[in-house]
Amino acid sequence: MTKIVVVDNHGQFTHLERRALRDLGVDTELIDNETPPKDVDADGVVLSGGPDMDRIGESPAYLEADVPVLGICLGMQLIAAELGGSVGSGEYGGYADVTVDIVDDDDPLTGSLHPETRVWASHADEVTELPAGFELTAKSDVCNVEAMSDTDRDLYGVQWHPEVAHTEEGDEIFENFLAICESR
């Protein structure tokens, strides 16, 4: 059975990320972000959202763990910041219902949602410049980088929260990430 761990970066919806994976029949566990990757045996990692880049613990080390990684909100931002991209304040803080344009219909994480999807997202902080090796896979009127992928390294990120009921096709993001993890 495929195992995907959710690294808890203290986000308010982190428990829902684990639940979404469990509902797909995945062996999943919520782990503290101070847990080093060497202590984790998993086929994939979700880096959860959270309130603060100063509280990400060992999360950056998972980017070198040689398993697929999905960063959600803060999780995506830390991927960008750690790998040479940029993160800055968004023009629209707080949570909002957003229509996201999927710009890469071949992307293994978001492509199945093409041409657009409705999501629940916070844009207090957002990726402002992609790291080297990443492709833009989704954007919106309020955020130029709603999703990004580096398929060579199996590193993926979404600004929105696929785990909440307000995101129309959130389960599909988790299904697609599971397929990525199972294809390795």
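Model, not experiment: these values are computed from the prediction.

Caption draft 1: Up close: the packing of aromatic side chains. On inspection of all chains with the given rule, the structure shows two aromatic pairs. Taking the centre distance of 5.7 Å and the plane angle of 75° together, the rings of F13 and Y95 count as edge-to-face. Residue F13 is found in the loop between β1 (3-8) and α1 (14-23), and its partner Y95 is found in strand β6 (residues 95-102); the two are separated by 82 residues along the sequence. With relative accessibility at 35%, the residue Y95 sits in the partly exposed group. Here the aromatic cluster, defined as three or more aromatic residues joined through ring pairs, consists of F13, Y95 and W120.

Caption draft 2: Local environment of the nonpolar core. Grouped together as the largest cluster of nonpolar side chains are 27 residues, with contacts concentrated most on I4, V46, L70, L109, W160 and F177. Counting only elements with at least two residues in this core, the list comes to β1, α1, β4 (69-72), β6, β7 (116-122), β11 (155-158) and α3 (170-182). For this core, the element with the most residues is α3, which contributes six residues. When sequence neighbours within four positions are dropped, the list of residues in contact with L109 reads L70, Y156, V158, I173, N176, F177 and I180. In terms of nonpolar packing, the next biggest core, distinct from the first, is built from 21 residues, V45, V69, I79 and L155 among them.

Caption draft 3: Region of interest: unusual backbone geometry. Residue H114 is joined to P115 through a cis peptide bond whose omega torsion reads 10°. Take P115: it is sitting in the loop between β6 and β7. Residue H10 is not a glycine yet carries a positive backbone phi of 75°. For H10, the location among the structural elements is in the loop between β1 and α1. Residue class for H10 comes out partly exposed when judged on its relative accessible area of 32%. Unlike most non-glycine residues, D66 shows phi in positive territory, near 60°. Residue D66 is classed as exposed on the basis of its relative accessible area of 61%.

About the cut-offs
Residues numbered from 1 in each chain as written. Predicted model: local features only at pLDDT ≥ 70, side-chain atom pairs only at ≥ 80, totals over all residues. Heavy atoms only, no water. Phe/Tyr/Trp six-rings, centres within 6.5 Å; stacked < 30°, edge-to-face > 60°. Helix = DSSP H or I, 4+ residues; strand = E, 2+ residues; numbered from the N terminus. Buried < 20%, exposed > 50% of the residue type's maximum accessible area, 1.4 Å probe, protein only. Core = buried A, V, L, I, M, F, W, Y, C linked by side-chain atoms within 4.5 Å. Contact = heavy atoms within 4.5 Å.

Take it as geometry only, folks, not as evidence of what the structure does.
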